[in-house]
Structure formats: C-alpha cells, structure tokens
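Geometric and topological summary
Here are the chains, one letter per residue:
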Amino acid sequence: MADYKTKILIIGSGPAGYTAGIYAARAGLKPLLVSGNQPGGQLTMTTSIENFPGFKDPQDGTMLMETMKEQALALGVEMINDRITSVDTSKRPFICESENNNRYEADSIIIATGSSARWLGLESEEKFRGFGISACATCDGFFYRNKDVAVIGGGNTAIEDALYLTNFAKHVTVIHRRDELRADKASQQRLFANEKVSVMWDSVVSEFIGTDQPKSLTGLKIKNVKTGELSDLTVDGVFIAVGHHPNTEVFKDKLELSEDGYIQCKPDSCETNIKGIYAAGDVRNGNWRQAVVAAGSGCVAALEAEKFLSSNEK
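Residues numbered from 1 in each chain as written. Predicted model: local features only at pLDDT ≥ 70, side-chain atom pairs only at ≥ 80, totals over all residues. Heavy atoms only, no water.

1. Focus on the nonpolar core
- Among the nonpolar cores identified, the biggest contains 30 residues, and Ile 8, Ile 110 and Tyr 278 are the most heavily contacted of them.
- Among the elements that take part in this core, helix α7 (residues 291-313) stands out by supplying seven residues, more than any other.
- Residues contacting Ile 110, with those up to four places away along its chain left out, are Ile 8, Leu 9, Ile 10, Ile 11, Ala 20, Tyr 278, Ala 280, Ala 301, Ala 302 and Ala 305. (Core = buried A, V, L, I, M, F, W, Y, C linked by side-chain atoms within 4.5 Å. Buried < 20%, exposed > 50% of the residue type's maximum accessible area, 1.4 Å probe, protein only. Helix = DSSP H or I, 4+ residues; strand = E, 2+ residues; numbered from the N terminus. Contact = heavy atoms within 4.5 Å.)

2. As for the layout of surface pockets
- Each pocket or cavity is described by its volume, and for the second largest pocket that value is around 280 Å³.
- What lines the second largest pocket is a set of 15 residues, among which Leu 120, Ile 152, Arg 177, Val 204 and Val 242 lie closest to the centre.
- If you tally residues by element for the lining of the second largest pocket, the top one is strand β12 (residues 203-212), at three residues. (1 Å grid on protein atoms, 1.4 Å probe; cavity = no way out; pocket = protein on both sides within 12 Å on 5 of 7 lines; lining within 4 Å. Points joined across faces, edges and corners; volume = space filled by probe spheres on them.)

3. Considerations on helix α1 (residues 14-26)
- The end-to-end C-alpha distance of α1 is 18 Å, a good match for the 18 Å that 13 residues give at a rise of 1.5 Å each.
- For α1, a buried count of eleven out of 13 residues is recorded, marking the element as mostly surrounded by other parts of the structure.
- All of the buried residues along α1 are Gly 14, Pro 15, Ala 16, Gly 17, Tyr 18, Thr 19, Ala 20, Gly 21, Ile 22, Ala 24 and Ala 25.
- At its buried positions, α1 is contacted by β1 (3-11), β2 (32-34), α2 (61-74), β3 (78-80), β6 (103-111) and α7. (Expected span 1.5 Å × (residues − 1).)

4. Let's talk about helix α6 (residues 185-192)
- Within α6, burial applies to Ser 187, Gln 188 and Leu 191. An end-on view of α6 places all buried positions within 100° of arc, on one side of the element. Projecting away from the buried face of α6 at angles above 90 degrees are the exposed residues Lys 185 and Gln 189.
- One side-chain oxygen at the N-terminal end of α6 lies 3.2 Å from the backbone nitrogen of Ala 186; it belongs to Asp 184. (Arc of directions from axis to C-beta. Polar contact = N/O pair within 3.5 Å; in protein donor to acceptor, adjacent residues only side chain to side chain.)

Quick look at the structure:
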C-alpha cells in the first residue's frame, strides 16, 4: 500500500497509454502510468501487424508494445502494475484507488483503458468457455492443430483470427449473421483465397454442444436467420470475434458516457466533460480500433493535458 502524487496519471497501457506517456514525459511532466489488467492492451494478442507506420515488415503485437513501453520508460515514465478500482472526479486533485490498495493523487488524468472482447451471452457458452470456446485466437490457436474450428463474426478481428487459425487448423468455418463481411477488402480477399476457409452466411449460433466428462466442446447448433433452418456443425473449437465493449465500468456516474459505454469527449478533442480528465484510444471510440488511431489520440490527450496544467499553474 502506497500513496502516489503526480501531475499526470495515465490509466491503462497499450498504444494510447504508452504514447500519452511518451509525450507527457517529453513535456517534463513526469507521468505515472498504471498498466491495468493487460499490460500492452489488446494489441498483445495480435501476431502480425502490417499497417503500423514505420515498419517495412509485419510486426508482432507483443513486441511492438514492448518497444513502445521501453521507449516510454527511457523517457522517464514511471509504470506500476496495478488496476484502478475507484475514481473521485468531484474535485482536483483527482483521487484514484486501486486493487492493490494504492492511492493515486493526480492533477490530471488520461484514461486509456481500451476495450474487451464481447461474448454471445448464451448459457451453453458459459459452460464451455475455456473448454473449446475462446476469444483469443493468438492465445489458443495452437491447441487446435489439424482440427476443425469456427470463428464467429464478420469484422476485421474475425477475419484476422480466421486467417491466423489456418496456420494450425485443418479447416476454419466463419459464421456470420449477414450476407457480406464488414472487414476491409484486402482482408476479405485473403480470406476468400484461402482454401482452408469457408463461410456460413446469414447464420448465428443458437447453442454450443459438448460433453460433460471430460468437459469439451464438440459442435454447434446453427440457425439461418432468414429461413429459420437449424443445422449442426462439428468443430473442436470456437473463437468469438463479435466486437468489444469499452472498459469504463469504474467511470460510470463519474464521466459522461455514450449509451454503449464509451467516454464522451468534446469535438476534435480528447477532453471529457470534466476539465483535466482526458480519454484516448478505444475507450473513447469503438469505430476504428486501430493502433495508429489509438496512438494518435494518446498524443493529443497528453498535449491537451500539458496545456491544461500549464494554464492552471499560471
């Protein structure tokens, strides 16, 4: 248990948090960064990043985040492995408390807590989660070498997961509730060109099927949303990729949030409805979910926080 005081407290890591730290440190503000549950954020679960500027070859997400972290540390960002559990935004300095019983006092806050995978919400999903159902293809894909698997979703994450799984699985079935994918065209072309992948259009999972002893997923019951027809699909594993929800539970009733939980910021700004508190990355906008966008907003948040602190000191 310890008490910390800082001009800028950055809550969360990942490209937004690390970039905010880099810019705040370069401004001489000696920022303090609390890493959260997943140091490095969602990008650490991506094995091949081809669209982050500055790299000719694809980058491993974990390594890219480690490089950002090392740069931030070299510039003087102090980092603590902890998770914020409560925030008092009623007055400055702002007070945060953590699961490690630490107390953080900050003149300004940059929130970069990102987002987490969304589940389907089926009762049978709960039963087999961890026993054939996963939300992280890069974490668990190697368990399914030469086996049949399915990916549920139609966005970039789902397609990236499906393509990654072809490195291990015998066959990958993409299950999508619509008749066209939402992923970018380049990813779609790669998917359709892969002989190990097939797509079930206009379909949703109505039930996960498996055994109790040992507990293991064996298949899916699929419903066609247009015809209502039910069918069975035998698979050894399923990867859920149907979107994410922002990690903003601790800020509920503390900051202005959208209906789906994202932190609301002023137009063309990272500033929230409370002066001195800023949001960066996926926690403020779930539309793009790109590392370069998150990093850019981390930069903006740090510059705005520096300007706020400077004007208040004067």
